[in-house]
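Examining the three-dimensional arrangement
Listed below are the residues making up each chain.
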Amino acid sequence: MGSAKKSSAARKARIEEMRRAEQARERRGRILTIGASVVVVAGLVVGGVFLVRSQSDDSDSAASDSKSSGRFVTGKDGVKKWEGTLARNHVTKSVSYPVTPPVGGDHNPVWMNCNGDVYTKEINNTNAVHSLEHGAVWVTYSSQADKADVDALAAKVKKTPYTLMSPVDGQKDPIMLTAWGHQRTVTGAEDPAVDAFFEKFVQGQQTPEPGAACTNGLAQ
């Protein structure tokens, strides 16, 4: 009992620390946005914006050809780990991912908000993958999932920074949990694997960009 209480307290402290860090990043982001706006205006005056735009378009076209390759290896804990390469280029085109839901790869420059956000309609995979890059856990469910489980998981997500949830009817199992390079199926909201996955992968060691924003992105 004492150990469980300590674990719960440590988790709450970790989440609160993430909230404070996120707020600090938002403040810095607003300052950077103002500075960037000044630079953009200056660029427009001298006409350099056209060159920048051209270079950006060329970069996106090249990046969209990048592929992820590999395969899943299932661990003793039931978590599947992607063994291989996961590209991390920013692209504006659609991406064909090898698994559904995707566990990483090229993605849209804009992330889906993942500060405990629950989406009731399917979201764009390329935006969600960007959220995974920021250390989010993505809870997905198909039409076969039990409504009580969906409601209970939604309540959990809403209380947990760096998580998001949405339906994905193309997935093979009713309820799945995904982090960058990792994925597993769970039987329902009461499955102990849910808490274990959250504990390990919310801003976990797999995160390519730890501490990156989960707000001020795309909302449904």
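Residues numbered from 1 in each chain as written. Predicted model: local features only at pLDDT ≥ 70, side-chain atom pairs only at ≥ 80, totals over all residues. Heavy atoms only, no water.

Digging into the overall build of the chain
This is how it is decided: For helices the rule is a DSSP run of H or I covering at least 4 residues; for strands it is a run of E covering at least 2, with both sets numbered from the N terminus onward. Here's how the labels work: a residue is buried when its accessible area is under 20% of the maximum for its type, exposed when over 50%, partly exposed in between, all with a 1.4 Å probe on protein chains only. Contacts: residue pairs with any heavy atoms within 4.5 Å of one another. Residue exposure ignores everything except the shown protein chains as possible cover, and the areas themselves are Shrake-Rupley values with a 1.4 Å probe.
Each helix and strand in the chain was counted, giving five helices and seven strands. Start at the N end of the chain and walk to the C end: the helices and strands fall as α-α-β-β-β-α-β-α-β-β-β-α. Relative to its full complement of 220 residues, the chain shows a buried share of 44%. Here the contacts in the chain between residues at least 6 apart in sequence split such that 68% fall between residues at least 24 apart. Total accessible area on the chain is roughly 12,000 Å²; 54% of this is exposed by carbon and sulfur atoms.

Re helix α3 (residues 125-133)
Burial analysis of α3 places eight of its nine residues in the buried class, the great majority of the element. Among all positions in α3, only T126, N127, A128, V129, H130, S131, L132 and E133 are buried. For α3, the elements touching its buried residues are β4 (137-141), β5 (163-167) and β6 (175-179). Positive phi shows up at G135, right after α3, with a value of about 95°.

As for the state of the cysteines
The condition is simple: Note on disulfides: each one is a pair of cysteine sulfur atoms within 2.5 Å.
Within the structure shown, the criterion is met by one disulfide. The disulfide bridge from C114 ends at C214, spanning 1.6 Å between sulfur atoms. Judged by the sign of its S-S torsion, about -90°, the bond between C114 and C214 is left-handed. Here the residue C114 occupies a position in the loop between β2 (80-85) and β3 (115-118), and C214 occupies one in the segment after α5 (192-201), the gap between them amounting to 100 residues. Here C114 and C214 have matching classes, each one buried.

Observations regarding the packing of helix α4 (residues 147-158) against α5
This is how it is decided: Axes here refer to lines fitted to C-alpha atoms; in helices the fit is confined to the stretch in contact. Angles between the N-to-C directions go from 0 to 180 degrees. The scheme is simple: roughly parallel for angles under 35 degrees, roughly antiparallel for over 145, roughly perpendicular for 65 to 115, oblique for anything else. By convention the crossing between two helices is left-handed if the near helix lies anticlockwise of the far one by an angle smaller than a right angle, and right-handed if it lies clockwise. Three categories are distinguished: nonpolar for Ala, Val, Leu, Ile, Met, Phe, Trp, Tyr, Cys and Pro, charged for Asp, Glu, Lys and Arg, and polar for the others, with Gly belonging to the last.
Between α4 and α5, the shortest axis-to-axis distance is 13 Å and the interhelical angle comes to 25°. On the basis of their axis angle, the class for α4 and α5 is roughly parallel. For the pair α4 and α5, the sense of crossing is right-handed. Contacts between α4 and α5 involve L153, K156 and V157 on the former and, on the latter, V194, D195 and F198. Among the residues forming the contact of α4 with α5, the class breakdown is four nonpolar, no polar and two charged.

Observations regarding the nonpolar core
Selection criterion: Here, nonpolar core means buried Ala, Val, Leu, Ile, Met, Phe, Trp, Tyr and Cys residues that are tied together by side-chain atoms lying within 4.5 Å of each other.
Counting 41 residues, the largest nonpolar core has L164, M165 and F198 as the members making the most contacts within it. Of all the secondary-structure elements, those providing two or more residues to this core are α3, β4, α4, β5, β6 and α5.

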